[in-house]
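Spelled out from the first residue to the last, the chains are:
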Amino acid sequence: MSRHARPTRRRLGLLPYLRSVAGQAFILQLLLILVLVAAAVAAVAADARGHATVDARRRSLAVAQTFAHAPGTAQALSGDKPTAALEAHAEATRKGSRVDSVVVFDTRGIRFTHPERSLIGKRIVGPSALVREELRGKTISQTFRASQGPSVVSAVPVTRADGTLLGGVSVGVKIQNVHSTVNRRLPMLLGSGAGALALATGGAALLSRRARRQTHGLGAAQMTRMYEHHDAVLHSVREGVLVLTADKRLLLVNDEARELLRLALDAEGRHIGALGLEPRLTELLTSGRRVTDEVHPCGERLLSVNMRSTDRAGAPAGSVVTLRDTTALRVLSDRAVEAGERLKLLSDAGVRISSTLELTGTAEQLVDVAVPRFADIAAVELLDPVLRGEEPEPPYEPLAPHRTAVGGTPAEAPLFRVGEPVVYAPSTPQSRAVTTGAAVLLQAGPTGTGGWPAGEARRLLDHGIHSLITVPLRFRGVTLGLATFWRARHRAPFDETDLAIAGELAVRTAVSVDNARRYAREHAMVTALQRTLLPGGLPEQGAAQVAAHYLPAPGGAGGSWFDVIPLPGARVALVVGKVAGQGLHAAATMGRLRTAVQNFSARDVPPDELLSHMDELVTRLDLEHEADEHGTRVTGASCLYAIHDSVSGQFTVARAGDPGLALVRPDGTVDIPAVPGSPPLGQGGEPFRAVALPLPAASRLVLYTSGLLEGHDRTTDTGLGLLRRTLAAEPDLDPEETCRSLFQTVLPPRPSDDVALLVARTRLLDPENVAEWDVPFDPAAVAPQRSACARRLRAWDLEDAVCTAELIISELITNALRYGAPPLHIRLLRGRGLICEVSDGSSTAPHMRHATTTDEGGRGLFLVAQFAQRWGTRYTADGKVIWAETSLDDS
């Protein structure tokens, strides 16, 4: 065939296609789309013209109203020369608003403005009825032939302020201008219609082409041959195929299905229920439901059944069923399932056993995983050194581990009890497992106890237990305990495969047990360290009745602490603080900071100054840690330091960080003092500020760390409200009772941190027990003041203390006169002891020294130190106070 004949033949090939259903459908779709697109374009054009006319009418009316109501329009119409006043404005309005005319006329219809100047002075034109309405002052908006041709015209009256009609404003828009806008858009509409037509035509062509491709363009003879091939394949495949009608009759069956189901030759056309199949299989085939690889027995075979509906159009239709013989695969499948379950068991064991660092919890997790998935009964027993956090050392004889966890024990067979030591004889499987370091498998023999220890076998066999596996828990060559698994008569005995699984469970458990043992040891060390760093008891002092409680953190020791520090002058310092974090570092750092607070308190500095010293200390400690790559920072520690003076009733407090303070007054009123908040220690940047509060006697002070209020499911505000209500509801509790009440009521159910709580009930020294004098700065005043002090002591019935007190007072006054500065003041306080205070205006620190034999002085403070129980110096804003305290019991 020549090259030029090919296009002709290709063109001739279109005729059969156009005669086909796909071709005819394509032509019909094309014509329908063409009509629809033309109608749509016409409708859109007509709609656009209508909208354009409505828009022109609205625009002309808006311009007319605006111009008519403009302030100068009415005034110009009332004037002598309205045309001169209005013409320029009318033209500017016409051009700015894109209308064709703005005409101003009077009540007679005479024009004062018009785009065509030749029409100015002439009467307005239009339908007589509309002109009359315009001249009567009516507002109109109509389409009619105006002086400039067919237009949309709107007229609005112009009136004076009193309502008198002066004329009107008429605004027109030509119809041809309105339609010109639509005409300019018509090519775009036609283009859009053409694009839609082309797109729809292309879509119809694609659908027609797809239909032709799905039939492969085959003729009737070709389709017949294809059916014959398909029928041959249907009967040659090694998979049964059934085709069922909607009423569940057998329409088609291939040879494989006939053999699998043992169907008769005349089975086609019969109902499924009449084929003699297994009841469950019959029920499935008649149900019509969708099934994927559902296994059903059929005689000695196991058939995997798949069933799908042949209905794809929504009408009632039949089903197609495929059958595969899976009898041989069932055994392999069962083995695969069993292997999968064992892998799942080991995976779950690895996750759950390592989920805790508590010895009992680790043992219980192994039991929970093993029962009932692996064994009917399981027990974990740990050696006593492990429970103490120690590492056991061989030999392990006699073997007497502690039964830590048991699971699956029948209620009627109390063979295994948790919490008791178990002594194993050398002949038991447990002793053999520990001795050899390997798992031991033991099964009951056909005659009963074969291989079992006689004493234990009878009890176990009587309760249906027929096999066991016991395996030592070993890690790094050290035996930590053992795990034993039992199975009863309703399950298959353990075998060698189970022995490997038990060994793997034991390995994972041993690692977790050793981690828990180490954690328990370290936790015990940290807890012991913390106990030694916290106050062992509260010191005796008379300024307040005090009680304190400490609650460790859920995960172990924390960094919270409290302290009660007696101060000279019948005062006491109350402290709560916290170091961020938990564990050994937090406990050790807490001890360092608590010691620092006590040392700074010995200098008797105000609370804000003490916190400043602590801030510098924490900063210095952090600088030391920065030099060590393993150092842990201290920045963020918090502290609340308060001093209560039982003589003046003054309570002074300063705070760094978040420790809290609550005040309960004697009448039961609860107050949260506004203590200025300062950054935690070590962060610096802001000075610490102290607040002084006057407190009456019997006031309760509650100092606490944030762990008392905050929890996993509670905010600080919620805890603070609960604290207020609890303190207000029980105003008469003493400090110890208050601590217990707050721990029972306010403490969150799940605390997130440790808690330090300190409660103090204030005391005030009776004014009768306070005596003070101003002393002239003159050595001659020593004797009179000594005598006055002696008289006051006798008045207090302290005759036995007079001599010692006179000596101390003489030496303190003499020291102040010699080394100090005026003014000079003496104060005596009678409380738990007798306190003698001498203050002067000098800040020079006194020093005690040992005088030589030839020295005439230098023995004063030495004598004071010998006769006083305690003595010291504290500084005030005006100087210093030297004080000495003697015990009244020893006087």
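> Looking at this model, I keep getting lost on the overall build of the protein. Mind explaining?
Each helix and strand counted, the protein has 23 helices and 29 strands in total. In the protein, the proportion of contacts linking residues at least 24 apart, taken out of those at least 6 apart, comes to 60%. About 45700 Å² of surface is accessible on the protein, with carbon and sulfur atoms providing 55% of the total.

> What is the right way to read the pairing of strand β15 (residues 544-551) from this model?
Within a regular strand, side chains alternate between the sheet's two faces. With six of eight residues buried, β15 is to be regarded as a mostly interior element. With eight bridges joining them, β15 and strand β24 (residues 755-762) adopt antiparallel strand pairing. The residue bridging A544 from the neighbouring strand is T762, located in β24.

> Please clarify how the sheet that holds β15 should be interpreted in this entry.
Two modes of strand pairing occur in sheets, parallel and antiparallel, and in both the strands are linked by backbone hydrogen bonds. On the basis of which strands lie adjacent, the open sheet formed by five strands has the order β15-β24-β23-β20-β21 and antiparallel pairing. In this open sheet, the two edge strands, each paired with only one partner strand, are β15 and β21 (670-671). Pairing between strand β20 (residues 660-664) and strand β23 (residues 700-704): five bridges, direction antiparallel. Bridge pairing links A662 to V702 in β23.

> Explanation requested: the environment of G581 in the structure shown.
By the secondary structure assignment, G581 is in strand β17 (residues 571-582). Each C-alpha atom, one on G581 and one on S560, is 9.6 Å from the other, the two residues being 21 residues apart in sequence. Aside from chain neighbours lying at most four places away, what touches G581 is G558, G559 and A586.

> Could you clarify how one ought to interpret the sheet that holds strand β12 (residues 440-443) in this entry?
The strand order across the open sheet built from five strands is β11-β10-β14-β13-β12, with neighbouring strands paired in antiparallel fashion. On the outer flanks of this sheet lie β11 (402-407) and β12, each paired with one strand and no other. Direction aside, the axes of adjacent strands within the sheet are offset by 15° on average. Pairing of β12 with strand β13 (residues 465-475) involves four bridges; the strand directions are antiparallel. The residue of β13 that forms the bridge with V440 is T470. Running at roughly 30° to β13, helix α14 (residues 429-436) makes contact with β12, β13 and β14 (478-488) of the sheet.

> What exactly am I supposed to notice about unusual backbone geometry here?
Backbone geometry follows two general trends: most residues other than glycine have a negative phi, and most peptide bonds adopt the trans configuration. Residue V371 is joined to P372 through a cis peptide bond whose omega torsion reads 0°. Considering the arrangement of structural elements, one finds P372 in the loop between α12 (359-370) and β10 (377-382). For the peptide bond that leads from P822 to P823, omega is 0°, which places it in the cis range. The phi dihedral of R262 is positive, around 55°, even though this residue is not glycine. Secondary-structure assignment places R262 in the loop between α9 (255-261) and α10 (279-287). The phi dihedral of A698 is positive, around 70°, even though this residue is not glycine. In this structure, A698 sits in the loop between β22 (690-694) and β23. Note on A698: relative accessible area 33%, which makes it partly exposed.

> Where do I start with the layout of surface pockets in this structure?
Rolled over the atoms, a probe sized like a water molecule indicates the empty space that remains. A volume near 540 Å³ is recorded for the largest pocket. What lines the largest pocket is a set of 22 residues, and nearest its centre among them are R571, D604, R874, Y875 and T876. Breaking the lining of the largest pocket down by element, the ones donating at least two residues are α18 (607-626), β18 (638-645), β19 (650-656), β26 (824-830), β27 (833-840) and β28 (870-876). Residue composition of the lining of the largest pocket, grouped by class: seven nonpolar, six polar and nine charged.

> Is there a simple way to explain helix α21 (residues 782-795) in this structure?
Given 3.6 residues to a turn, an α-helix orients residues that are three or four positions apart in the same direction. Taking 1.5 Å of rise per residue, the 14 residues of α21 would be expected to cover 20 Å, and the 20 Å separating its terminal C-alpha atoms lies within 8% of that figure. Along α21, the positions that sit buried rather than exposed are V782, Q785, A788, C789, A790 and L793. Here the buried face of α21 lies against β25 (770-775), α22 (802-819), β26 and β27. Positive backbone phi, approximately 60°, marks D797, located one or two places after α21.

> How should I be thinking about the packing of helix α4 (residues 71-78) against helix α5 (residues 82-97) in this particular structure?
Each pair of packed helices can be summarised by the angle the axes make with each other and by the distance between the axes. Two numbers describe how α4 lies on α5: the axes approach to 8 Å, and their chain directions differ by 150°. As far as their axial angle goes, α5 and α4 are roughly antiparallel. Regarding α4 and α5, the two cross each other, and that crossing is left-handed. Taking contact as the criterion, the partners of G72, T73, A76 and L77 in α4 are, on α5, P82, A85 and L86. Taken together, the residues of the contact of α4 with α5 sort by class into five nonpolar, two polar and no charged.

> Explanation requested: the packing of aromatic side chains in the structure shown.
For any pair of aromatic rings, the description rests on two quantities: the centre-to-centre distance and the angle between the ring planes. Counted by the stated rule, this structure contains two aromatic pairs. Centre to centre, the rings of F374 and F485 are 5.3 Å apart; their planes meet at 85°, and the pair counts as edge-to-face. Taken as a pair, F374 in the loop between α12 and β10 and F485 in strand β14 lie far apart in primary sequence, 111 residues in all. On the accessibility criterion, F374 (2% relative accessible area) is buried. We classify F485 as buried; its relative accessible area is 1%. Centre to centre, the rings of F374 and F494 are 5.3 Å apart; their planes meet at 40°, and the pair counts as tilted. Of the two residues, F374 is situated in the loop between α12 and β10 and F494 in the loop between β14 and α16 (496-533); the sequence distance between them amounts to 120 residues. Assigned by exposure class, F374 and F494 land together as buried. Connected via pairs of aromatic rings, a cluster forms that spans F374, F485 and F494.

About the criteria used
- Residues numbered from 1 in each chain as written.
- Predicted model: local features only at pLDDT ≥ 70, side-chain atom pairs only at ≥ 80, totals over all residues.
- Heavy atoms only, no water.
- Helix = DSSP H or I, 4+ residues; strand = E, 2+ residues; numbered from the N terminus.
- Contact = heavy atoms within 4.5 Å.
- Areas by Shrake-Rupley, 256 points an atom, 1.4 Å probe, with all protein chains shown as cover.
- Buried < 20%, exposed > 50% of the residue type's maximum accessible area, 1.4 Å probe, protein only.
- Pairing = 2+ DSSP bridges.
- Axes fitted to C-alpha atoms, helices over the stretch in contact; angles between N-to-C directions.
- 1 Å grid on protein atoms, 1.4 Å probe; cavity = no way out; pocket = protein on both sides within 12 Å on 5 of 7 lines; lining within 4 Å.
- Points joined across faces, edges and corners; volume = space filled by probe spheres on them.
- Nonpolar A, V, L, I, M, F, W, Y, C, P; charged D, E, K, R; others polar.
- Expected span 1.5 Å × (residues − 1).
- Parallel < 35°, antiparallel > 145°, perpendicular 65-115°, else oblique.
- Left-handed = near helix turned anticlockwise from the far one by under 90°.
- Phe/Tyr/Trp six-rings, centres within 6.5 Å; stacked < 30°, edge-to-face > 60°.

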